[in-house]
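Fold and contact review
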Amino acid sequence: MNCMDSYQLWIEKTAGEAELAEELTAINGDSAAIEDRFYKELEFGTGGLRGVLGAGTNRMNVFTVSKATQGYSNYLNQQFEKPSVAIGYDSRIHSDDFARAAAAVFAANGIQVHIYDHLMPTPALSFAVRDLHCSGGIVLTASHNPAKYNGYKVYGADGCQITTEAAKAIQTAINEVDPFDDVKRTDFELAMENGIINYIGEDTIDRYQAAVSTASLLPEGIDKNVAIVYTPLNGAGISCVPRCLKEHGFTNITIPDEQKNPDGHFPTCPYPNPEVREALKVGLRWAEKTQSDLLLATDPDCDRVGAAVKTTSGYTLISGNQMGVLLFDFVCKMRQANGTMPKNPVAVKTIVTTPMAAKIAEHYGVQLIDVLTGFKFIGEQIGLLEKKGEADRYIFGFEESYGYLSGSFVRDKDAVNASLLICEMFAWYKSQGKSLVDVLEELYQEYGCYESKLLSFQFEGADGFAKMQSLMTELRTNRPAELAGIAVECSIDYLNDDTGLPKSNVLRFFLKNGAEAVVRPSGTEPKLKVYLTAAEKDITASQIVIHTLKEFFEQWAR
Ligand SMILES: O=P(O)(O)OC[C@H]1O[C@H](O)[C@H](O)[C@@H](O)[C@@H]1O
């Protein structure tokens, strides 16, 4: 069916949904707007299905959500005798509506539903899947994307976001569903009365909080009077982070009024991604006003956390790679000191995360596993260890994109867990008269002056998509012998070379002196991402290399 036919069909079939009908009428005659909404269907990317809210097959709306749920239901009913699912959602526009709509579809397919009755962090959903012995789960969220997006993360029975094989099978099941004719639905309230849908109890939340507490590493007697500004960025972190920190003695917490309450419009941070400075603006203002030591900001579904620390020259933002190495080193150090380091410890990171982690791993005798981008691949490794009865060997996993997890109690990145660890690490070093910036400097001295930078190039719509594809194809077919005058020593094409990892559209260039450039299209946003690393003798020299590479790639992506 071409775009125009799909458009006509949607006008006819969605007439009962005022918001969608209005949008479809408004784009009448605008072929580009029609094409953008119908040229493809939403597909599984790095973090489930993700798309702009609105009408069409390439949009997040009640029909695409219900279609996905029907497909996932068909898959679950094939795989399990009596399937059950857990459902979570964040503060985004329609997240709660979509969660209820999905619950009604699962229920109509005879699948037992456990749904949170208020917004909760994504890691708490991962926890609930295992706690309630479910066959799977979903979270309605677009994580850190701008407000116009929503999404649908899918979990397996292991509490991990589905990886390659399951995603393929579920995608196939979804593709077979007609969104208008094949979706079964029941009434949400009626299904609640019948008990096929029920709310997840406080007891599960208590067990989640207790599990996060097991990640605590601080010995008794450390002063916890750290002045903290915590912002949930109008998202789900409010449900768990303050409670967790307070239960661990961090009681001096200020939460910015503007960002305290759930609000999917994110009025004071249109792009609620702690990776970008803009998202921390309000938090930084409050930190200055209250002269706080530490700022923490979690994204709308509270799986990633950003931080800034007070220094003599103002607040310094800590990047995902920097926080990752700080935490990794801290976890190893404390577990050795506390006598809780397991035998043959394992840590996991993604291929786009700083190679400095390998040096730390070597120092502490930790086996470091590299996986593709996506915390689901880190969660998968924990599952593999668990199958061998060795889940306790897992001590830490992290990604440059501000995702961290220090235990096997959930199988996705966990900003509740990470917020606690950051506060503990901060208090620990403060008790020794050091700031996190001082410690970072020490780590550079010990393990090498690794500097990294992420470049993101926006490519919106059907045209943008084609441009990204052609840039990747060009780079793949004519692999450069040098980048910005720096010799390429070797390269890996994760789509065609045998790497032992699933096939993925990623190109990695190893340059002279340990520098690296990794190029890949984002799986969550219309962007091409370039991850740069340099490891020179000092940080300034590394920064110069990064700058040179940055200029080169900015030209390249034009
Ligand atoms: O780079 P993208 O495909 O957009 O993914 C962005 C991020 O999405 C999720 O948060 C994944 O867990 C991360 O691994 C990934 O870095």
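Residues numbered from 1 in each chain as written. Predicted model: local features only at pLDDT ≥ 70, side-chain atom pairs only at ≥ 80, totals over all residues. Heavy atoms only, no water.

The protein is annotated in an unreviewed UniProt entry as Phosphoglucomutase of Agathobaculum hominis. The Cofactor (unreviewed entry) comment attached to the protein in UniProt states, word for word, "Mg(2+)". UniProt, in the comment section headed Catalytic activity (unreviewed entry), describes the protein in these words: "alpha-D-glucose 1-phosphate = alpha-D-glucose 6-phosphate". (UniProt positions renumbered as here; feature names shortened; annotations may be inferred.)

**Remarks on a negative patch on the surface**
Residues E17, E19, E22, D96 and D97 make up a contiguous surface patch of negative charge. The set of elements that each furnish at least two residues to the negative patch consists of α2 (18-26) and α5 (95-108). You can see E22 is positioned in helix α2. (Patch = residues over 30% accessible without salt bridge, like charges linked within 9 Å, V, L, I, M, F, W, Y side chains within 5 Å. Areas by Shrake-Rupley, 256 points an atom, 1.4 Å probe, with all protein chains shown as cover. Salt bridge = Lys/Arg side-chain N within 4 Å of Asp/Glu carboxyl O. Lys, Arg positive; Asp, Glu negative; His and termini not counted. Charge placed at Lys NZ, Arg CZ, Asp CG, Glu CD. Helix = DSSP H or I, 4+ residues; strand = E, 2+ residues; numbered from the N terminus.)

**Examining the environment of I197**
Along the chain, I197 turns up in strand β6 (residues 197-199). I197 has contacts with A103, A104, A107, Q112, V113, I115, F188, A191 and M192, leaving out every residue within four places of it along the chain. (Contact = heavy atoms within 4.5 Å.)

**Focus: the pattern of salt bridges**
In total, this model carries 30 salt bridges according to the counting rule given. Here E390 and K388 are joined by a salt bridge, their closest N and O atoms 3.9 Å apart. Looking at K388, the relative accessible area reads 55%, which means it is exposed. E442 serves as the salt-bridge partner of K434, at 3.4 Å between the closest nitrogen and oxygen. With a relative accessible area of 27%, K434 lands in the partly exposed category. In the salt-bridge network here, residues are joined through shared partners; they are K153, D301, D303, E399 and K413. (Buried < 20%, exposed > 50% of the residue type's maximum accessible area, 1.4 Å probe, protein only.)

**Remarks on the sheet that holds strand β2 (residues 84-89)**
If you walk across this open sheet you meet the 6 strands as β1-β5-β4-β2-β3-β6, and the pairing is mixed. One side of each edge strand has no neighbouring strand; the edge strands of this open sheet are β1 (49-52) and β6. Neighbour to neighbour, the strand axes of the sheet diverge by 20 degrees on average, direction disregarded. For β2 and strand β4 (residues 136-140), the ladder comprises 5 bridges, and the chain directions are parallel. (Pairing = 2+ DSSP bridges. Axes fitted to C-alpha atoms, helices over the stretch in contact; angles between N-to-C directions.)

**A word on the sheet that holds strand β12 (residues 346-350)**
Ordered in space as β13-β12-β14-β15, the 4 strands form an open sheet in which the pairing is mixed. The outermost strands of the open sheet, each flanked by one partner alone, are β13 (367-371) and β15 (403-405). In this sheet, adjacent strand axes meet at a mean angle of 15 degrees when their direction is disregarded. Direction of pairing for β12 relative to β13: parallel, over a ladder of 5 bridges. Residue pairing across strands places V346 opposite Q367, the latter belonging to β13. Sitting on the sheet, helix α15 (residues 375-387) touches β12, β13, β14 (394-399) and β15, and the angle it makes with β14 is about 165 degrees.

**Examining the UniProt feature "domain: Alpha-D-phosphohexomutase alpha/beta/alpha" (unreviewed entry) in the protein**
Mapped onto the present numbering, the UniProt feature "domain: Alpha-D-phosphohexomutase alpha/beta/alpha" (unreviewed entry) falls on residues 43-177, 224-308 and 320-447. End C-alpha to end C-alpha, residues 224-308 measures 18 Å, and it is 25% helix and 18% strand. Overall, residues 320-447 shows 54% helix and 15% strand. The separation of its end C-alpha atoms is 17 Å.

**Observations concerning the packing of helix α1 (residues 3-13) against helix α3 (residues 31-38)**
It is at 9 Å that the axes of α1 and α3 come closest, and there the two elements cross at 85 degrees. Judged on the interaxial angle alone, α3 and α1 are roughly perpendicular. Counted together, C3, M4, S6, Y7 and W10 of α1 and I34, E35 and F38 of α3 form the full contact between these two elements. (Parallel < 35°, antiparallel > 145°, perpendicular 65-115°, else oblique.)

**Focus on α1**
Every buried residue of α1 is accounted for by S6, Y7 and W10. Along the axis of α1, the buried residues cluster in a sector spanning 100 degrees; they form a single face. Next to the buried residues of α1 lie α2, α3 and α4 (62-79). N-cap assignment for α1: the residue whose side-chain oxygen lies 3.1 Å from the backbone N of M4 is N2. (Arc of directions from axis to C-beta. Polar contact = N/O pair within 3.5 Å; in protein donor to acceptor, adjacent residues only side chain to side chain.)

**A look at the nonpolar core**
Among the nonpolar cores identified, the biggest contains 100 residues, and L296, M323 and F328 are the most heavily contacted of them. At 12 residues, helix α16 (residues 415-430) tops the list of elements feeding residues into this core. The contacts of F328, once residues within four sequence positions are left out, are A347, A357, I360, A361, V366, I395 and F396. If you look at the next biggest cluster of nonpolar residues, it comprises 37 residues, including A99, I115, Y152 and A167. (Core = buried A, V, L, I, M, F, W, Y, C linked by side-chain atoms within 4.5 Å.)

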